Amino acid sequence: MPSKFQRKSSPAGAGGGGASSVSSTPSNQPRKRVKRCCRNFVTFMCTQVGVGALIVFYAICGAFAFMHIERQFVDETAGHVMELRQNCSQQLWSITEEHNLIDRRRWTEATNAVLREYQAQIAGIVKHGYVGRSPEQIWSFPAALMFCLSVITMIGYGNMVPRTPWGKGFTVIYATLGIPLYILYFLSMGRVLARSFKFLYRSLHDCTQEDRLDALEGGHMTRKKVIVPSTACLWVIFFYVLTGTVMFANWEKWSFLNSFYFCMTSLCKIGFGDFVPGASLTTTADVNAATHKLQEDIAADPDELAQLQSVAADQHSKLAINFVYMLLGMGLVAMCRNLMREEVRMKAREMREDAKLCMEDTRLRFVGCCGNPRDAYEDDYY
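Residues numbered from 1 in each chain as written. Predicted model: local features only at pLDDT ≥ 70, side-chain atom pairs only at ≥ 80, totals over all residues. Heavy atoms only, no water.

> Lay out a positive patch on the surface in plain terms, naming residues and giving numbers.
A cluster of basic side chains, namely R31, K32, R33, K35, R36 and R39, defines a positive patch on the protein surface. As for its position among the elements, R39 is in helix α1 (residues 2–45). Exposure remark for R39: the relative accessible area of 52% places this residue in the exposed category. (Patch = residues over 30% accessible without salt bridge, like charges linked within 9 Å, V, L, I, M, F, W, Y side chains within 5 Å. Areas by Shrake-Rupley, 256 points an atom, 1.4 Å probe, with all protein chains shown as cover. Salt bridge = Lys/Arg side-chain N within 4 Å of Asp/Glu carboxyl O. Lys, Arg positive; Asp, Glu negative; His and termini not counted. Charge placed at Lys NZ, Arg CZ, Asp CG, Glu CD. Helix = DSSP H or I, 4+ residues; strand = E, 2+ residues; numbered from the N terminus. Buried < 20%, exposed > 50% of the residue type's maximum accessible area, 1.4 Å probe, protein only.)

Next up, the structure:
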């Protein structure tokens, strides 16, 4: 009887345990969903599309952050330059009034001395970073975006630098997080483009084989490993640089030599900084300055303002294409690196095998010429 009671009570106990497990399951479901969503998000961000989207988002956020930080910089150099200019004008006017063009030699010497001093002062100010533009004009969105791209890709053009303490500190943090992200993009994009280009090259190579149909009919088709030659990679880079040369020459008003020079130095990560896209783009600050000038100066040309407004309207599309061109160019460089490394490995393997065969052939020739002393000893013995 106790066993029956135990059997009857056991389902209740089991049901109680099941109820407790069921009651605990709904509380764990939201946590599991959050973990699953986080895991899927991390997996997607580790893919090529996710890394590319993340680096674009990172660059755009960095551009807005640098614009907000660096535009708060109060540049007192412009007022100092204006004061120097007014002093120089006043000194020249005083010299003219004093000599009144009677003594031409003394007037020329005095004015040359004033102009040389003014030139030396302006040169010293320019060496300390003065470019004659306000922080709003310097840190426009195109320029800030290219600055972020130069930081994370380690090009470092050097035409723009943060001048505020917050901007310098943020640059260190931004580079510390952005450079590993760019390296991940460089490696992943290089693998994807290398596989795609290898598949395309293999397909074209198989289509151009003359004995492909005969091999298929005979039934003894053996697929050989196809290695993309380095010349194909160099042609791809050349046509890509040529496309960028024409594009930047038309948009930035550069010569073809300067545009080609910029594309090569940027893709090679030299980054001198003498030519940077976005520096000549019309910004909102330029349009506002032209509007203020038109309001104050009656002799100003209103067609100039209309032209600036029309030019500034299509700057966003050009900016996006410039940004994508640089990122895709870095990916093509990574692709060529992977493909050429594979060819170098194959050539090294072939050279090692050829060296072994050469050494073996040399040994056999040496033995054939000199004879084997063991054979001679065996002949004398027997």
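That covers the picture; the talk isn't over yet.
> Could you give me a rundown of a nonpolar patch on the surface, with the residues and numbers involved?
On the surface, W235, F238, F239, L242, F260 and M264 cluster together into a nonpolar patch covering about 580 Å² of accessible area. For the nonpolar patch, the elements supplying multiple residues, two or more each, are α9 (230–251) and α10 (256–267). If you tally residues by element for the nonpolar patch, the top one is α9, at four residues. Along the chain, the position of L242 falls in helix α9. By relative accessible area, L242 is classed as partly exposed at 37%.

> How would you summarise the packing of helix α6 (residues 141–152) against helix α7 (residues 165–207) if you had to cite specific residues and measurements?
Remark: α6 packs on α7, axes separated minimally by 8 Å, with the N-to-C direction vectors making an angle of 65°. Residues F147, C148, V151 and I152 of α6 form the contact with α7, whose own contacting residues are T171, Y174, A175, G178, I179 and Y182. Class assignment of the residues belonging to the contact of α6 with α7 gives a composition of eight nonpolar, two polar and no charged. (Axes fitted to C-alpha atoms, helices over the stretch in contact; angles between N-to-C directions. Contact = heavy atoms within 4.5 Å. Nonpolar A, V, L, I, M, F, W, Y, C, P; charged D, E, K, R; others polar.)

> Tell me about the nonpolar core, and name the residues and values.
Judged by nonpolar contacts, the single largest core of 55 residues is most densely connected at Y174, M326 and M335. Sorting the residues of this core by element identifies α2 (48–70), α6, α7, α9, α10 and α13 (315–370) as the ones contributing at least two each. Setting aside anything within four residues of it in sequence, one finds M335 in contact with G190, L193, A194, F197 and V236. (Core = buried A, V, L, I, M, F, W, Y, C linked by side-chain atoms within 4.5 Å.)

> Can you explain the packing of aromatic side chains? Please cite residues and give values.
Per the counting criterion, the structure on display carries 22 aromatic pairs. Taking 5.0 Å as the distance between ring centres and 70° as the angle between the ring planes, the aromatic pair formed by F66 and F170 counts as edge-to-face. Residue F66 is located in helix α2, and its partner F170 is located in helix α7; the two are separated by 104 residues in the primary sequence. On the basis of relative accessibility, which here comes to 0%, the residue F66 falls in the buried class. Ring pairs connect the aromatic residues Y157, Y240, F248, W254, Y261, F262, F272, F275 and Y325, which therefore count as one cluster. A cation over a ring is seen here: K269 above F186, with NZ or CZ 5.4 Å from the ring centre. (Phe/Tyr/Trp six-rings, centres within 6.5 Å; stacked < 30°, edge-to-face > 60°. Lys NZ or Arg CZ within 6 Å of the ring centre and 35° of its normal.)

> Describe the environment of G129, with residues and values.
Tracing the backbone through its elements, the reader meets G129 in the loop between α4 (104–127) and α5 (135–138). Relative accessible area serves as the criterion here: at 39%, G129 is assigned to the partly exposed category. The spacing of G129 and V161 is 32 residues in sequence and 9.0 Å in space, taken between C-alpha atoms.

That is the geometry; function is a separate question.
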